[in-house]
Structure formats: C-alpha cells, structure tokens
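Tertiary structure, described
The chain contents come next:
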Amino acid sequence: QVQLVESGGGFVQAGGSLRLSCAASGSIFGIGVMGWYRQAPGKQRELVATVTIGGSTNYADSVKGRFTISRDNARSTVYLQMNRLKPEDTEVYYCNAGIRPSATMEFMTTWGQGTQVAVSS
C-alpha cells in the first residue's frame, strides 16, 4: 500500500512561517507531480502549489511570492515553505501525488490525511 504522511502543521501568528512536509512510503515505482491543496470547512479543496519531477512549479495566485514548494526525489518527499502567513491561510492542507506502485501499474492519485494550519491575526 502506498501512503502519504504529512507533518509540520500548527498554529502561528500572522506574518509567521511554517514548513509542511509530506513523505510517500510503501510500494513505489515512480512519483509524478506532487502538490499541496487546502480546504476550509464548507468549501471546495483548492490548489496551492504543484511541482513536477523536474522541479517545475505552479502556484495559486493567492500564495505566489509567499509560499515555496520543493521536492526531494531521493526521499520521495515534498515540502511547502509558507512565509508571511495570513489569517486567510487558515485551512487544512493536503498533500497530493501521482504514484506508480509498480512497472505494470498506472499512476494513481494519492492523498495525505491532511494537516491543520491556523494563523491568528
């Protein structure tokens, strides 16, 4: 079984920083695009940032210039460095990755369990 395990969420004051980590484990033949999404209660899950295996990145307009996504392919891990946090960044953050469990299987979209980020004003 493949799983994504997130860490690094928590409580911070506005203007502060947090770093989220997400490590893939289990039967992994390959990992494609990795990313972070977030969801507030009663709202749809939205894209925060993605990174390809080659390091190309994409960000939501609301986080550009404040958040940085990166990955360590050797450790099957993706990171999200969040700086200058705002109260509106308060959401549950989910890690996402396209994972290929074996050479005979296709890439499967996999989600982490979510980690809460809370920013006070």
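See the structure printed just above.
In this report, the structure presented in the accompanying data block is examined. In this text the structure is predicted, and so the values were computed from the model without any measurement.

**Description of the packing of aromatic side chains**
- Applying the stated rule across the entire model yields one aromatic pair.
- Centroid distance tyrosine 37 to tryptophan 111: 5.1 Å. Interplanar angle 70°. Geometry classified as edge-to-face. Taken together, the positions of tyrosine 37 in strand E4 (residues 30–39) and tryptophan 111 in strand E10 (residues 108–111) put the pair 74 residues apart, joining distant regions of the chain.
- Note on tryptophan 111: relative accessible area 35%, which makes it partly exposed.
- A cation over an aromatic ring shows up here: arginine 45 above the ring of tryptophan 111, its NZ or CZ 4.6 Å from the ring centre.

**Overview of the side chain of arginine 38**
- Within the secondary structure, arginine 38 is located in strand E4.
- Engagement of the side chain of arginine 38 in a polar contact is seen with the side chain of aspartate 89, the distance being 3.0 Å.
- Sequence-distant contacts of arginine 38, that is, excluding residues within four places in its chain, are made with Gln44, Arg45, Glu46, Val48, Ser62, Val63, Phe67, Asp89, Glu91, Val92 and Tyr93.

**Remarks on the sheet that holds strand E1 (residues 3–7)**
- Read across the open sheet, the four strands follow the order E1-E3-E8-E7; overall the sheet is antiparallel. Two strands close off the open sheet at either side, each with one partner strand: E1 and strand E7 (67–72). Pairwise comparison of adjacent strand axes, ignoring direction, gives a mean angle of 15° for this sheet.
- The pairing of E7 with strand E8 (residues 77–82) spans six bridges and is classified as antiparallel. Note on E8: the bridge partner recorded for phenylalanine 67 is methionine 82.

**Focus: the nonpolar core**
- The biggest cluster of nonpolar side chains holds 28 residues, and the ones touching the most others in it are Trp36, Leu80, Met82 and Tyr93.
- Listed by contribution, the elements that provide at least two residues to this core are strand E3 (18–25), E4, strand E5 (46–51), E7, E8, strand E9 (91–100) and strand E11 (115–120).

**Examining the environment of glycine 9**
- Inspection of the secondary structure puts glycine 9 in the loop between E1 and strand E2 (10–13).
- Judged by relative accessible area, glycine 9 falls into the partly exposed class, the value being 31%.
- Spatially, the C-alpha atoms of glycine 9 and glycine 114 are 9.0 Å apart, while their sequence positions differ by 105 residues.

Cut-offs used in this document
- Residues numbered from 1 in each chain as written.
- Predicted model: local features only at pLDDT ≥ 70, side-chain atom pairs only at ≥ 80, totals over all residues.
- Heavy atoms only, no water.
- Phe/Tyr/Trp six-rings, centres within 6.5 Å; stacked < 30°, edge-to-face > 60°.
- Helix = DSSP H or I, 4+ residues; strand = E, 2+ residues; numbered from the N terminus.
- Buried < 20%, exposed > 50% of the residue type's maximum accessible area, 1.4 Å probe, protein only.
- Lys NZ or Arg CZ within 6 Å of the ring centre and 35° of its normal.
- Polar contact = N/O pair within 3.5 Å; in protein donor to acceptor, adjacent residues only side chain to side chain.
- Contact = heavy atoms within 4.5 Å.
- Pairing = 2+ DSSP bridges.
- Axes fitted to C-alpha atoms, helices over the stretch in contact; angles between N-to-C directions.
- Core = buried A, V, L, I, M, F, W, Y, C linked by side-chain atoms within 4.5 Å.

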